[in-house]
Amino acid sequence: MSKPAKAIRLKSSKGKLTAARIGCYLFLGFLCFLCLFFFYMLLINASRNTFQIQQGFSFLPGESFLTNLKNTLNDANIPVMSGIGNSLLVSALSAALATYFSAMTAYGIHAYDFKFRRAAFTLILLIMTMPTQISAVGFVDEMQKMGLKDSLVPLFLPAIASPIVFFFMKQYMDGNLPMEIVEAARIDGSSEFHTFNRIVLPIVKPAVAVQAIFTFVSAWNNYFIPALLLDSAKKKTLPILIAQLRSADFLKFDMGKVYMLITIAIIPVIIVYLLLSKFIVRGVALGGVKG
Amino acid sequence: MHTGNPPKAKKRSSYAKWGYFFIAPFFIAFAVFQLIPLASTIYYSFFQYFRQGLRIIGPNFVGLANYASLFQTDLPKYFGNTMLMWLVGFVPQIAVSLLLAAWFTNQRLSLRAQGFFKTVIYMPNLIMAAAFAMLFFTLFSDNGPVNATLLSMGAISQPFQFLSTVVGARGLVAFMNFLMWFGNTTIVLMAAIMGVDPGLYEAAEIDGASSQQMFWRITIPLIRPILVYTFITSLIGGLQMFDVPQILTNGKGEPDRCTTTMIMYLNNHMYSKNYGMAGAISTVLFVLCAVLCLFIYFSLTQDNASAQRARKGGARK
């Protein structure tokens, strides 16, 4: 009697598990639909003309993709090409400066036993939790006085002090940078900066790669500070061009162009993400747990 | 031991000074681009300092007058808006993230295609908030595709004005915040759950605990530090809410300024070059964030201690 009963219980628990799994997949499928639907709509609408877009959703693309692309790139009011160039420049320089100098700062605190080491570390952690917006008034004022108001320089130079990137690098070094290697380099007569550039940087390369992606993306998406600093059309970055679209008289707009500009602004990031998603997802997990 | 090894100690201290060279660029950049601006922001908050047309008024020292008038404006309302929209986005975010993190890490359930799901749910987090908000604006505008589809399906007889109703506008902002952040939170929580000693689950399984019991009695107490961390970082992020409502409502916070956030208000003052008032708002935000930071610090250190105690207690059993 006990045998069949046990079998039945096993079977029913198996059935329950299958049911639970189906439930999970349905819910996950729904969430994925939510995440992907808007991007799909964006791509579809970028390939249709205004009239078709106003007819409602369609799951099939239209034929106006190239027309929309041409119209967007040639619009005199939205300098898309220079926008892409500016965004690329600011994002790439931010990523390079943030990762290099954060690795340097992290190495300084990791490798040397100086007097204010703990104080410096605690201070950087405090800075990490402060939003940049709160110093915006003084920042804009200072940039004005330095003659950097309508310039791209204040958009990437402050990346030298990136506390979050620093924190990640420090965690990574704690786990992956044995001081014996540094000692050996010293014995071989390598100077401290030479050791850092030639030995330490290659070891922390994975951390640099992950953080370079994050910094690049957040600089690419940054809107608040650029909107306060940039005035001339040729200096504007992509987020500002999109905001400009919003404040333009909307009903007069070619909707295909609107969707196309949004596509141009986010598709590069999505492509990079899809190529590197494994590392990015791992990077988020690393940063989160140790934080 | 310390005194017994003078050559080594000397050698160490001779290298120690290099530490300053390595951390110098960070602190110089921090001082120039953040500390001095922060100090002058706070400084301006005590002055009457604005532009009227081309005329610059001030800076005239007015003490706390900016703060006094600040609290007579709608700042409390904007603070309320910010917190409400954050909360409405955060509650489903943490609930869904916990659920997904529990599923992904559940050995018995062993879901397939996890890589795909993680990749997709993290995607909205990378998208330019400005572009995402613009996309939502076009999709949900009165004659946008969402309304057109609902009309043609016969679900509604008149276009629903998502952006001119309080619930619609706030709901869209909260929904976008949810969509942008739940993937990130899921991955962080998942990593936290995977850090829990698997021996605890094995022991619980032998004792006949159900999945639910394991989740509530083992997982939740042990990942509490990370939950607190997620909560506070999200709250600080929520206080900074700007891009989404700004673009969605064209900076006006319509309808009836019910979606105006504190940073949008700050931004308005900065655009009208009222540096005194903008400084006062910044200082209020600074104090709010400082209090939150202290709170993180204490709750994290305390939670670590209590979690360790719990872990020890569990091991002794």
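Since this is a predicted model, take the numbers as computed values, not measurements.

1. Brief notes about the overall build of chain B
Along the backbone of chain B there are 14 helices and two strands. Of all 317 residues assigned to chain B, the portion counted as buried reaches 53%. The contacts in chain B between residues at least 6 apart in sequence include a share of 67% that link residues at least 24 apart. Looking at chain B as shown, the accessible area adds up to about 15,200 Å², and 64% of this sits on carbon and sulfur atoms.

2. What about the environment of A:T122?
All names here are of chain A. Positionally, T122 belongs in helix 5 (residues 117-128). Note on T122: relative accessible area 38%, which makes it partly exposed. A sequence separation of 55 residues divides T122 from T67, and the C-alpha atoms of the two residues are 55 Å apart.

3. Details of the layout of surface pockets
Estimated volume of the second largest pocket: approximately 1,200 Å³. As for the second largest pocket, its lining consists of 36 residues, and the residues nearest its centre are B:A102, B:N106, B:R108, B:S211 and B:Q212. Listed by contribution, the elements that provide at least two residues to the lining of the second largest pocket are helix 1 (2-46) of chain A together with helix 4 (75-105), helix 5 (114-126), helix 8 (166-194), helix 9 (198-206) and helix 10 (211-222) of chain B. Among the elements that take part in the lining of the second largest pocket, helix 4 of chain B stands out by supplying seven residues, more than any other. Here the residues of the lining of the second largest pocket sort into 20 nonpolar, 10 polar and six charged.

4. Considering the nonpolar core
Counting 196 residues, the largest nonpolar core has A:F38, A:Y107, A:I266, B:L100, B:M128, B:F132 and B:F182 as its most contacted members. Looking at this core element by element, the count peaks at 16 residues for helix 14 (residues 255-290) of chain A. The residues touching B:F182, leaving out its near neighbours within four places in the chain, are A:L31, A:C35, B:Q93, B:V96, B:S97, B:L100 and B:I121.

5. Considering the UniProt feature "transmembrane region" (unreviewed entry) in chain A
Residues and elements named next belong to chain A. The positions UniProt marks with the feature "transmembrane region" (unreviewed entry) are residues 20-43, 88-107, 119-140, 152-169, 199-220 and 258-276. Between the C-alpha atoms that bound residues 152-169 there is a distance of 27 Å. The span itself is 61% helix and 0% strand. For residues 199-220, the end-to-end C-alpha separation is 30 Å, with 95% helix and 0% strand making up the annotated structure.

6. Topic: empty space enclosed by the protein
Residue and element names in this part refer to chain A. Per the stated rule, a full pass over the model turns up one cavity of 30 Å³ or more. Taken as a whole, the largest cavity encloses approximately 40 Å³ of empty space. Taken together, S87, V90, S91, L155, A219, W220, N222, P226, T237 and P239 make up the full set of residues lining the largest cavity. Secondary structure elements with two or more residues in the lining of the largest cavity: helix 4 (80-111) and helix 11 (205-221).

7. Describing the environment of B:F231
Residue and element names in this part refer to chain B. Note on placement: F231 falls in helix 11 (residues 224-239). C-alpha separation for the pair F231 and F90, spaced 141 residues apart in sequence, amounts to 8.6 Å. F231 has contacts with W86 and F90, leaving out every residue within four places of it along the chain.

8. A short note on the packing of helix 4 of chain A against helix 13 (residues 238-247) of chain A
Residue and element names in this part refer to chain A. Relative to each other, helix 4 and helix 13 sit at 140 degrees, their axes nearing to 8 Å. Comparing their axes, helix 13 and helix 4 come out oblique. Across the interface between the two elements, V80, G83, I84 and S87 from helix 4 touch L238, P239 and L241 from helix 13.

How each quantity is defined
- Residues numbered from 1 in each chain as written.
- Chains lettered and ligands numbered in written order.
- Predicted model: local features only at pLDDT ≥ 70, side-chain atom pairs only at ≥ 80, totals over all residues.
- Heavy atoms only, no water.
- Helix = DSSP H or I, 4+ residues; strand = E, 2+ residues; numbered from the N terminus.
- Buried < 20%, exposed > 50% of the residue type's maximum accessible area, 1.4 Å probe, protein only.
- Contact = heavy atoms within 4.5 Å.
- Areas by Shrake-Rupley, 256 points an atom, 1.4 Å probe, with all protein chains shown as cover.
- 1 Å grid on protein atoms, 1.4 Å probe; cavity = no way out; pocket = protein on both sides within 12 Å on 5 of 7 lines; lining within 4 Å.
- Points joined across faces, edges and corners; volume = space filled by probe spheres on them.
- Nonpolar A, V, L, I, M, F, W, Y, C, P; charged D, E, K, R; others polar.
- Core = buried A, V, L, I, M, F, W, Y, C linked by side-chain atoms within 4.5 Å.
- UniProt positions renumbered as here; feature names shortened; annotations may be inferred.
- Axes fitted to C-alpha atoms, helices over the stretch in contact; angles between N-to-C directions.
- Parallel < 35°, antiparallel > 145°, perpendicular 65-115°, else oblique.

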